[in-house]
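# Coordinate inspection notes
Below, each chain spelled out in residue letters.
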Amino acid sequence: NELLLLDWLTSTKRFLRVQDLALLEIHFEAGDVDEINDESIAYRRAKDLLTNWFLTLPQLRLLKLAKIHHVTLDALATPLPTETSSDTVDDFRKSETVCPMLGALHVDSMDAKRVACFIRAREALACPIKKAFVGKDWWPQLAHSDKRELALTGVPWYASKTWPAEEYITEEEHEEAMRDV
């Protein structure tokens, strides 16, 4: 079960040096997360487990995503509670953030509106995405409105030559992704 695996990964805390991570085609069992709304218990449990797992990746700088459930993006875009509870904007922006060094994103076959929302949420957390790469086969399939939504995030978008068609991005793409992040 995927949720048990995440629970185990969260408890190991073995990922302190990971700087780039690829997540491809993460699916949950029917009845877990895919077929339920964002307010369900299963969704909240998955989000909490993913958040806890991402907390074990404090050095993560590049995240490559393809065909994953949006709960993964939500886990990375939620502020963690601060010691003081105040409703001011300054306190919200100063709250601890999951994967604070994350600055580059590589996406393919995802919901463009959710990706744009994720990028705006990271900006609001003062941990912006600085570069984004898009799969070369996915971009032409996007509707004009989706491309516009992604462009309006203000993040520079680059075409990926290989990923996820190949298992890994080229060395040049990796260097470009990590530069200035």
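Details of the structure are given in the entry above.
The sections below set out a description of the structure shown in this document. Here the structure is a predicted model, which means the values were calculated and not measured.

Conventions we followed
- Residues numbered from 1 in each chain as written.
- Predicted model: local features only at pLDDT ≥ 70, side-chain atom pairs only at ≥ 80, totals over all residues.
- Heavy atoms only, no water.
- Buried < 20%, exposed > 50% of the residue type's maximum accessible area, 1.4 Å probe, protein only.
- Helix = DSSP H or I, 4+ residues; strand = E, 2+ residues; numbered from the N terminus.
- Pairing = 2+ DSSP bridges.
- Axes fitted to C-alpha atoms, helices over the stretch in contact; angles between N-to-C directions.
- Core = buried A, V, L, I, M, F, W, Y, C linked by side-chain atoms within 4.5 Å.
- Contact = heavy atoms within 4.5 Å.
- Salt bridge = Lys/Arg side-chain N within 4 Å of Asp/Glu carboxyl O.
- Phe/Tyr/Trp six-rings, centres within 6.5 Å; stacked < 30°, edge-to-face > 60°.
- Polar contact = N/O pair within 3.5 Å; in protein donor to acceptor, adjacent residues only side chain to side chain.

## Quick notes on the pairing of strand S1 (residues 20-24)
Of the two faces of S1, only the one carrying Leu21 and Leu23 is buried; Asp20, Ala22 and Leu24 on the other face are not. Note that S1 and strand S2 (residues 62-66) share five bridges and pair parallel. Along S2, the bridge assignment pairs leucine 24 with alanine 66.

## Section: the sheet that holds S1
Sheets are built from strands paired through backbone hydrogen bonds, the pairs being either parallel or antiparallel. With parallel pairing, five strands are arranged side by side in an open sheet as S1-S2-S3-S4-S5. Each edge of the sheet is formed by a strand with only one pairing partner; in this case those strands are S1 and strand S5 (157-160). Taking the axes of each pair of neighbouring strands and ignoring which way they run, one obtains an average angle of 20° across the sheet. Sheet analysis places strand S3 (residues 104-108) next to strand S4 (residues 131-135), joined by four bridges and oriented parallel. Counterpart to valine 107 in the pairing with S4 is valine 134.

## Focus on the nonpolar core
Within soluble globular proteins, side chains that are nonpolar generally end up buried alongside one another. Membership of the largest hydrophobic core comes to 37 residues, with the highest contact counts inside it found for Phe54, Leu63, Leu65, Leu105, Val115, Phe118 and Trp157. Every element with two or more residues in this core is listed here: S1, helix H2 (41-55), S2, helix H3 (71-76), S3, helix H5 (112-124) and S4. Apart from residues no more than four positions distant in its own chain, phenylalanine 54 is found in contact with Leu21, Leu23, Thr72, Ala75, Leu76, Val98 and Cys99.

## Observations regarding the environment of alanine 132
Position of alanine 132 relative to the elements: it lies in strand S4. Its relative accessible area of 0% is what places alanine 132 among the buried residues. For the pair alanine 132 and tryptophan 157, spaced 25 residues apart in sequence, the C-alpha separation works out to 4.8 Å. Among residues more than four places away in sequence, those in contact with alanine 132 are Leu105, Val155, Pro156, Trp157 and Tyr158.

## Concerning the pattern of salt bridges
Applying the stated rule across the entire model yields three salt bridges. Of the charged contacts, one joins lysine 113 and aspartate 146 as a salt bridge, the two residues approaching to 2.6 Å between their closest N and O atoms. Remark: aspartate 146 occurs in helix H6 (residues 144-151) and lysine 113 occurs in helix H5; sequence separation between them is 33 residues. When its relative accessible area of 41% is taken as the criterion, lysine 113 is described as partly exposed. Residue class for aspartate 146 comes out buried when judged on its relative accessible area of 16%.

## Details of the packing of aromatic side chains
Taken as a whole, this structure holds three aromatic pairs when the rule is applied. Both rings, one in tryptophan 53 and one in phenylalanine 54, keep their centres 5.2 Å apart while their planes meet at 35°; by these two values the pair is tilted. Take tryptophan 53 and phenylalanine 54: they sit in the same class, and that class is buried.

## A few points about the side chain of histidine 69
Within the element layout of this structure, histidine 69 appears in the loop between S2 and H3. From its side chain, histidine 69 meets the backbone nitrogen of valine 71 in a polar contact 3.0 Å long.

## Structural notes on the environment of leucine 21
Among the structural elements, leucine 21 can be located in strand S1. For leucine 21, a relative accessible area of 16% translates into the label buried. Remark: the alpha-carbon pair of leucine 21 and arginine 61, spanning 40 residues in sequence, is separated by 8.5 Å. When neighbours within four sequence positions are excluded, leucine 21 is seen to be in contact with Trp53, Phe54, Leu57, Leu60, Leu62, Leu63 and Lys64.

## Some details on the environment of proline 79
Relative to the helices and strands, proline 79 is located in the loop between H3 and helix H4 (89-94). Proline 79 sits in the partly exposed class, given a relative accessible area of 25%. Along the sequence, proline 79 and alanine 121 sit 42 residues apart, while their C-alpha atoms lie 9.2 Å from each other.

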